[in-house]
Structures are given as structure tokens and as C-alpha cells.
Amino acid sequence: MRAPERLEESLARWLPQQRWYAGKGREIGDVTIVSDTELVIGDPGLRHLILAVRQGDVVDHYQMLLGTRSELPRRLEYAGIGDEGPFSYDAVHDPELTRVLLRRLAEEARSGPLAFRHSPGSEIETDLDSLASPAEQSNTSLIYGETYVCKLFRRISPGLNPDLELNRGLAEAGCSHVPQLHGWIEMELAGETTTLAMLSEFLRAATDGWQLATTSVRDLYGSAELPADQAGGDFSAEAERLGAATASVHNDLAAAFGVAELPVGEVREMAERMHDQLAEACAVVPALKPYGERIGAAFDDLAKRAEPMPVQRLHGDYHLGQVMRTSSRPGADWVLLDFEGEPARPLAERRNRGHPLRDVAGMLRSFEYAARFLLPGYDDEDSGLEARAHEWADLNRSAFSRGYAAAGGPDPAAHRALTRAFEFDKAVYEVLYEAHNRPDWLHVPLGSLARLTA
Ligand SMILES: Nc1ncnc2c1ncn2[C@@H]1O[C@H](COP(=O)(O)OP(=O)(O)O)[C@@H](O)[C@H]1O
Ligand SMILES: O=P(O)(O)O[C@H]1O[C@H](CO)[C@@H](O[C@H]2O[C@H](CO)[C@@H](O)[C@H](O)[C@H]2O)[C@H](O)[C@H]1O
């Protein structure tokens, strides 16, 4: 008779299939459970696990909520882990179990190593069912009714998560362009107080920037005879307002966390890191090589900078999927989400200060993405859609930059070389990101680099 599979073995097979699993493409050596806390005892039961996943010399930590049941109902079969009873499953899909998180947050409870905290003055409603967000995410968000969203960070780095850190600072600065923060969960990991989850206001009646922008692009493709600023669904007024909201958040971040100066030598090191990432990306994606010289020249220009660079805390991974257009918040048309920085970078790096045009460059990239990602679905031989994509991207990139500068941010048009270096660096990151996560999308950063380096 075959011995029952150990939970750790089932997890090793299950993890690589998860969207949020960061170690795809590298074989898992082994999975060890390094923290195991029972949050609900019984049938169903709930365990909070921290897993150490070894891949070669690298060990990453992941968080999961493990549901256990003697019988797995059909509605939960898709969340199953392993196929032998008693059944284990990803409990983020089980509202019967996830309610416990709200209850513990409301009570500021402790469960073993886990500490549940709420923001001063927050009264947390506890009788809400959760739904795991279907969004393409690096983490998992539980949406409780239409009231809260609880983001469970999946890959856990010891220390304070910048998303929580910056949201706390912005709340204290009175920033209206972020969701209200209600609470968080933390534990000691490797000797550091480590953020595990964050509970925020759910923005109902809001749409994310990516959906709005790509709807506008579709409208443009469908009205081939009109210029971009006259086609239905012109996005440029929104792009301009988004620019202004971005400058306002940058201003609040500067007030809350201060501004420093990066010495010239460290700017040079930054340019060297950009070159290193370019070399790595060219090795992984040879199709990037033809643009390497022009990209590298922009990094060399940055390295020649003769004066220190003003730096402050930033969003860090700024794109249209990270902003939501709301209709219910007075004075805040656009709301910014997810201040975690680029998920692939080490935590210490993600908490570094940077020049605010780095975020601006991130959003400029996103306009390129929105304009280009539909192109291969169309018969683009003679359709002229490539040109229309450029038109849309240029219109909205300019509007965003204009709104940003008018609201007090450094003007991208007056800092062209810097913006270009940041934009190329982000595009190179995207080439690697797409190669590892969404190979079907590789044409987007590559096509955009072909245009921007021409
Ligand atoms: N407070 C919120 N209200 C409504 N929707 C949200 C909220 N926070 C996140 N979302 C939705 O969930 C998506 C993913 O959230 P995000 O914080 O970017 O997660 P991740 O870090 O896993 O990428 C967002 O693009 C947005 O559509
Ligand atoms: O949102 P995350 O923090 O998980 O960020 C990662 O995933 C993003 C994609 O979901 C990725 O963004 C890239 O694709 C977007 C369209 O899907 C586009 O708007 C962005 O400009 C582009 O960078 C992001 O880079 C990655 O870190």
C-alpha cells in the first residue's frame, strides 16, 4: 500500500501552480512548516502556516491559511491540496473560516505568535463573509462584504512591509488618495516584527485604472477614423487628474518620511545596477539585445549626473492596476494602492528612497502597456493600429506628466534624461517579469522598447 503523502510534499506540488508563487521556473528542493498556529479548532479547522521553501541555496517564506475538513464539499474541491483525506485546502476560499480574522482584528487578539492590531479608533465589523479576489495578484486579497479588503501577503520577508508602513504614514499625513487603513496582522520572524496582512477600506463603486484605460484604447481601435482625443472614451482628462493625484501623494510621502540626497557616487552605482539588470534580461530574453545599446546609453547618461539626487519614499511599482477611480470620495478622484514596491526585489531595496520620477516612469510604462497589449489580437498588417497605439500612448503620457507637474511634482519634460533612464530600467524589469510570469505578454515591453529606442 502507498504511504499517505505528507502535507509538505502536497504543498511542494501545489505551490508552483499558484499565481502568487514567486519561485516559478526553479525546482523546489523541499518545503518545511516553520510556524503552525491553530486559528479554528474543529471540523472545519483552520491553521495559519509559514512555509520555508528551499530552491537551491535560496529559502523563501510563504504564508498560507490551511483549511482542514474530514469531507471536502464540492464548492471547495478546486481549492484542495493533495487528494487524500482528511482534506487540506486553501482556506482563503472558505468564508466559514476566514471570518475569524475579522474577529481577532476587532479584539486586537493574540493567537500564538500572531498579533492582530487595529488602527486607533477603528471599530471593525465582524459578521461579514469574504470572497477571495479574482484579481491577478502577487498576494491574496479577501474582500469582506463591500466593507473591507484584507490583503494576505504571500511571500513573506522578515520586517515591516512597505505597504503597511507607507499607508500608516499617509494616514497620519491626512492623505485622501489612499484607502482608509483599519488594521494589520504581524508576527516575529527571524527576530523582526513582520507584517503578514493588512485590512483596508474596500473601495466600492470604483474601477481600476487599467480597466478604464484599456476600455478607452478599445474605443479608439473601434473608431479608426477619429483622432485619439476625439474618439469615444478619451482618457486624457483622467490621465491628467491621475498625474495630479500622484504628485499629491508624493508630496505627502515627502512630508511624512522626509527627503534626502543621494550622493553622486550612489547615483553611479544605481546606473551600474541598471546595466546589470539589462545584462541579465538580455541573457534570459535574447530578443532584447537589439535595444541594449540605446538602453545602456540612457543609463550612462544617468551615471554622468554631477549633482546629488533628491530622493524620498515612493510607491515603487506604480502602474494602472495600482490606482482606482472612485466616485464616492470627496476630494479624491484617484486612489493609490499597493505601496509594496516591485515584488521580485528584496525588502530592504523596496524600502529605499528614490527619485519621484521613478514612479512617474512606471506609470508612463503602463500607458505603453495599455496601448499595446491588444495589438496581436488584431490583424495589424495594414490596419494602422500600431500607429493608433502610439497616438493613444503619447496623448495620455503627456496628459499624465502635465497633471503631475502642474500639481507640484518635478516636470518630466524638464528632466527628460532622468525620466528616460527610469523608464528603460522599468521596461527591462518588465521584460524579465513577463519572461518569468506571462511569456505571452513579452511582446508588450519588447514592442514598446522598439518604439522608444527608435
Ligand atoms: N481597497 C481596495 N478597494 C477595492 N479594490 C481593491 C482594493 N485594494 C485592492 N483592490 C483590487 O485588488 C487588486 C490587487 O490589489 P493589490 O493591492 O495591487 O494586490 P497585490 O499586491 O497582490 O498585487 C487591485 O488592482 C484592485 O483591483
Ligand atoms: O501588481 P503587482 O505588484 O503584482 O506588479 C507586478 O505585476 C504587474 C502585472 O500584473 C506588472 O505590471 C506590468 O503589467 C501591467 C499590465 O498588466 C502594466 O500596467 C504595467 O505597466 C507593467 O509593468 C508589474 O510590473 C509587476 O511588478
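See the structure above.
Remember, predicted model here, so these are calculated numbers, not experimental data.

Each value, and the rule that gives it
Residues numbered from 1 in each chain as written. Chains lettered and ligands numbered in written order. Predicted model: local features only at pLDDT ≥ 70, side-chain atom pairs only at ≥ 80, totals over all residues. Heavy atoms only, no water. Near = heavy atom within 4 Å. Polar contact = N/O pair within 3.5 Å; in protein donor to acceptor, adjacent residues only side chain to side chain. Areas by Shrake-Rupley, 256 points an atom, 1.4 Å probe, with all protein chains shown as cover. Helix = DSSP H or I, 4+ residues; strand = E, 2+ residues; numbered from the N terminus. Axes fitted to C-alpha atoms, helices over the stretch in contact; angles between N-to-C directions. Parallel < 35°, antiparallel > 145°, perpendicular 65-115°, else oblique. Left-handed = near helix turned anticlockwise from the far one by under 90°. Contact = heavy atoms within 4.5 Å. Nonpolar A, V, L, I, M, F, W, Y, C, P; charged D, E, K, R; others polar. 1 Å grid on protein atoms, 1.4 Å probe; cavity = no way out; pocket = protein on both sides within 12 Å on 5 of 7 lines; lining within 4 Å. Points joined across faces, edges and corners; volume = space filled by probe spheres on them. Domains from an automatic or database assignment.

> Go over the site of ligand 2 with me, naming the residues and quoting the values.
In the vicinity of ligand 2, 15 residues are found, and the nearest of them are Ser-138, Ser-366, Tyr-429, Glu-430 and Tyr-433. At 2.9 Å from an oxygen atom of ligand 2 is found a side-chain nitrogen or oxygen belonging to Asp-317. At 3.4 Å, a side-chain N or O of Asp-338 approaches an oxygen atom of ligand 2. Protein contact buries 93% of the 540 Å² of open area that ligand 2 shows by itself. When contributions to the shell around ligand 2 are tallied by element, the ones reaching two or more residues are α9 (357-372) and α11 (416-437).

> Describe the packing of α9 against helix α10 (residues 385-406), and please don't skip the residues or the numbers.
Relative to each other, α9 and α10 sit at 155°, their axes nearing to 8 Å. Between α9 and α10, the angle is such that the two are roughly antiparallel. The crossing of α9 and α10 is right-handed. Here α9 contributes Leu-357, Val-360, Met-363, Leu-364, Arg-365, Phe-367, Glu-368, Ala-370, Ala-371 and Arg-372 to the contact with α10, which in turn contributes Glu-386, Ala-389, His-390, Trp-392, Ala-393, Asn-396, Arg-397, Phe-400, Ser-401 and Tyr-404. Across the contact of α9 with α10, the residue classes tally to 12 nonpolar, three polar and five charged.

> Break down the packing of helix α4 (residues 209-222) against α9 for me, with residues and values.
A packed helix pair is summarised by two numbers, namely the angle formed by the two axes and the spacing between the axes. Running from N to C, α4 and α9 point in directions that differ by 45°, and their axes come no closer than 8 Å. Considered as vectors, α4 and α9 are oriented oblique to each other. Of the two elements, α4 crosses α9, and the hand of that crossing is right-handed. Between α4 and α9, the residues in contact are Trp-210, Ala-213, Thr-214, Val-217 and Tyr-221 and Ser-366, Tyr-369, Ala-370 and Ala-371, respectively.

> Can you explain empty space enclosed by the protein? Please cite residues and give values.
Throughout the structure, instances matching the rule amount to two cavities of 30 Å³ or more. Its volume calculated, the largest cavity comes out at about 60 Å³. What lines the largest cavity is Phe-153, Arg-155, Ile-156, Ser-157, Gly-159, Leu-160, Asn-161, Thr-195, Glu-340, Leu-347 and Arg-350. At the level of elements, β11 (155-156) and α8 (347-350) are the ones that each hand at least two residues to the lining of the largest cavity. Split by domain, the residues of the lining of the largest cavity number at least three in each of domain 1 (1-7 + 31-202) and domain 2 (206-452).

Purely spatial values, then, with no claim about function.
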